[in-house]
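So the chains spell out like this:
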Amino acid sequence: MSEKKTIPISIQTLDTIKFGLAPQKARVNSLIEDHYRGQYKVSERSLLALLEIKVSSYLLEEMIEKLIDIAKQNKEDKVAMFPEEVTLLSTLARTVSYAEKISSHVSLALH
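So, here is what we can say about the structure in this document. (Residues numbered from 1 in each chain as written. Predicted model: local features only at pLDDT ≥ 70, side-chain atom pairs only at ≥ 80, totals over all residues. Heavy atoms only, no water.)

1. What about the nonpolar core?
Put simply, the test is: Throughout, nonpolar core names a set of buried Ala, Val, Leu, Ile, Met, Phe, Trp, Tyr and Cys residues whose side chains join them through atoms within 4.5 Å. Think of it in three bands: residues with accessible area under 20% of the maximum for their type are buried, residues over 50% are exposed, and the middle band is partly exposed, with areas taken using a 1.4 Å probe on protein chains only. Helix numbering and strand numbering both begin at the N terminus, where a helix is a DSSP run of H or I of at least 4 residues and a strand a DSSP run of E of at least 2. In this analysis, two residues are considered to be in contact whenever any of their non-hydrogen atoms come within 4.5 Å of each other.
If you look at the biggest cluster of nonpolar residues, it comprises 15 residues, and the most contacted ones within it are L14, L60, V79, M81 and L89. Secondary structure elements with two or more residues in this core: α1 (11–37), α2 (44–73), β2 (78–81) and α3 (83–97). Broken down by element, this core gets its largest block of residues, six residues, from α2. Those residues within four positions of L14 in sequence are excluded, and the remaining contacts are I9, I64, L67, I68, V79 and L89. Formed by nine residues, the second largest nonpolar core is a distinct cluster that contains Y40, L47, I53 and A99.

2. Structural notes on the packing of α1 against α2
Using the following cut-off: Here an axis means a line fitted to C-alpha atoms, over the contact stretch when the element is a helix, while the angle between two N-to-C directions is reported on a 0 to 180 degree scale. In this scheme, roughly parallel covers angles under 35 degrees and roughly antiparallel covers those over 145, while 65 to 115 is roughly perpendicular and the rest are oblique. Throughout, a crossing is termed right-handed when the near helix is turned clockwise from the far one, and left-handed when it is turned anticlockwise from it by less than a right angle. Here the nonpolar group is Ala, Val, Leu, Ile, Met, Phe, Trp, Tyr, Cys and Pro; Asp, Glu, Lys and Arg are the charged ones; every other residue, Gly included, is treated as polar.
Two elements in contact, α1 and α2, have axes whose closest approach is 9 Å; the angle formed by their N-to-C orientations is 150°. Of the possible angle classes, the one that applies to α1 and α2 is roughly antiparallel. As α1 runs across α2, the sense of the crossing is left-handed. A per-class count over the contact of α1 with α2 returns 18 nonpolar, three polar and six charged.

Scope: geometric values only; no functional claims are made or implied.
Quick look at the structure:
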């Protein structure tokens with residue numbers, strides 16, 4: 001049986017993704033909170049998209065933190081990931097990046 005190939009991902013790359021995640025999480029959380037407080041209403045479709053982005057951002061953050069912890073424990077500046085893990089990481093990051101593109105009446109960039 002052949003060994004599965006891994007892809008080295010630098011901790012710096014993971015930190016960069018994590019850093020960019022914080023403002024997106026804050027904007028999405030703020031919009032969702034405003035919606036449920038009645039301060040602003042979004043359509044059901046937009047609300048579902050916001051909730052999906054929220055879940056994806058929390059999963060992405062958790063995944064990145066675990067990977068960084070593994071690298072630190074091993075005293076390495078890279079972590080080996082299977083291709084499926086890299087695909088998941090990039091899919092979650094792409095989903096979160098859609099936060100600015102949601103077709104609601106409020107620009108997330110300005111919220």
